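Okay, here's what each chain looks like letter by letter:
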Amino acid sequence: MEAILIDGKKVSKEIKAELREKVIALKEKGIIPGLAAVLIGDDPASATYVRSKARACEKTGIYSDITKRPGDISQEEVEQIVRDLNVRDDIDGILVQSPLPKHMDEPAVTCIIDPQKDVDGFHPFNVGMMLIGQPTFLSCTPYGIVELMRRNKIDPSGKEVVIMGRSNIVGKPMAAILMQKRQGANATVTVCHSRTSNLNEVCRRADILIAAMGQPEFVKAEMIKEGAVVIDVGINRVEDSSTEKGYRLVGDVDFEGCRQKASFITPVPGGVGPMTIAMLLTNTVKSAELRAQRS
Ligand code: GUN
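We now turn to the structure provided with this report. Since the model is a prediction, treat every value here as computed from it, not as a measurement.

Scoring rules and cut-offs
- Residues numbered from 1 in each chain as written.
- Predicted model: local features only at pLDDT ≥ 70, side-chain atom pairs only at ≥ 80, totals over all residues.
- Heavy atoms only, no water.
- Near = heavy atom within 4 Å.
- Polar contact = N/O pair within 3.5 Å; in protein donor to acceptor, adjacent residues only side chain to side chain.
- Nonpolar A, V, L, I, M, F, W, Y, C, P; charged D, E, K, R; others polar.
- Core = buried A, V, L, I, M, F, W, Y, C linked by side-chain atoms within 4.5 Å.
- Buried < 20%, exposed > 50% of the residue type's maximum accessible area, 1.4 Å probe, protein only.
- Helix = DSSP H or I, 4+ residues; strand = E, 2+ residues; numbered from the N terminus.
- Contact = heavy atoms within 4.5 Å.
- Pairing = 2+ DSSP bridges.
- Axes fitted to C-alpha atoms, helices over the stretch in contact; angles between N-to-C directions.
- Patch = residues over 30% accessible without salt bridge, like charges linked within 9 Å, V, L, I, M, F, W, Y side chains within 5 Å.
- Areas by Shrake-Rupley, 256 points an atom, 1.4 Å probe, with all protein chains shown as cover.
- Salt bridge = Lys/Arg side-chain N within 4 Å of Asp/Glu carboxyl O.
- Lys, Arg positive; Asp, Glu negative; His and termini not counted.
- Charge placed at Lys NZ, Arg CZ, Asp CG, Glu CD.

### Quick look at the site of the ligand
- Residues in contact with the ligand, as listed here, are K53, L95, V96, Q97, S98, D120 and F122.
- With respect to the ligand, the backbone of V96 contributes an N or O atom lying 2.9 Å from a nitrogen atom.
- Between the ligand and Q97 there is a distance of 3.2 Å, counted from a nitrogen atom to a side-chain nitrogen or oxygen.
- Partitioning the shell around the ligand into residue classes produces three nonpolar, two polar and two charged.

### Looking at the nonpolar core
- By size, the foremost hydrophobic cluster in this structure holds 53 residues, and its most contacted members are I145, L178, I208, I210 and I231.
- A total of ten residues in this core trace back to one element, the largest contributor, which is helix α10 (residues 272-294).
- Residues within four places of I210 in sequence aside, it is in contact with I145, V161, V162, I163, M164, M174, L178, I231 and V233.
- In this structure, V162, L199, C203 and A206 belong to the second largest nonpolar core, which totals 20 residues.

### Digging into the sheet that holds strand β4 (residues 93-96)
- If you walk across this open sheet you meet the three strands as β3-β2-β4, and the pairing is parallel. Two strands close off the open sheet at either side, each with one partner strand: β3 (63-69) and β4. Ignoring which end each strand starts from, the neighbouring axes of this sheet average 15° apart.
- Pairing geometry for strand β2 (residues 34-40) and β4, over four bridges, is parallel. Within β4, the position partnered with A37 by the bridge is L95.
- Against the sheet, helix α2 (residues 44-60) touches β2, β3 and β4, its axis set at about 165° to β2.

### What about a nonpolar patch on the surface?
- A contiguous nonpolar patch, built from Y49, I235 and L249 and spanning about 240 Å² of accessible area, is present on the exposed surface.
- Its location among the elements puts L249 in strand β10 (residues 247-250).

### Some thoughts on the pairing of strand β7 (residues 208-211)
- Residues I208 and I210 of β7 are buried on one face, and the alternating residues L209 and A211, pointing to the opposite face, are buried as well.
- The pairing of β7 with strand β8 (residues 229-232) spans four bridges and is classified as parallel. In the strand pairing of β8, L209 is matched with V230.

### A word on a positive patch on the surface
- On the surface, K9, K13, R20, R51, R55 and K59 cluster together to form a positively charged patch.
- Counting only elements with at least two residues in the positive patch, the list comes to α1 (8-28) and α2.
- Relative to the helices and strands, R20 resides in helix α1.
- For R20, a relative accessible area of 33% corresponds to the partly exposed category.

This is a description of form; function is not addressed.
Here it is as structure tokens:
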């Protein structure tokens, strides 16, 4: 059996088209949704992500504002940038691109973002609300995976979901969302990580396997069950002198091996990646709609 490809590019385009309609409706009420991105340092991957987010805003009719500062900026200065964005009326969403330079206290910066503008869903208030099943802003990658499954008619209810990776951005929120008592969730969730001793055995139990540990092509065909749904969150640059850039992008899954055995699989690129941006825009438009209701 060859797996059906889950096309994140196509689904993200559908979502962006829906958002454009909402943005038009907001503009008729005099509200232009605004997203501010804060980019510190010169990490090329982070710069690419922020550029992609700004381009997606432009295409959707959302105003975007990028604050770029060198990596040796102080903690106080970054915190002041966030405070200034918190009080701007034209900004509905604030994202501080992660990772921040090593000398910085990233959780402290996250805590300063106004939870009402935390469109990444990283603030402890929003994380807590998600955990108790009262979501405000869901973090974008897990939210994108939920949407990708919903729009491909993959229902996790009653299924064994195995999540590989326990990051605050993907693994932990993904587990919290999928275990909720609600439509599109209701899964039996297991989280694996670097200390999991019987990893292959646990992964083979998965009806839905979500790979998010940042190890290029780590998940091999023998680690998945026949007919499993395989969601690949990894975006890894591996050296490849045959390409113009000298590298290519691969996921955390050995795509060619696993596609022979899975029922559904996400490609990299073009799977989960575009969904993260689509959900960031979704959260920004939602925040602007809430502003419209308040004004
Ligand atoms: N770095 C990697 N993914 C993300 C994300 O979704 N948001 C932010 N702010 N930084 C990231």
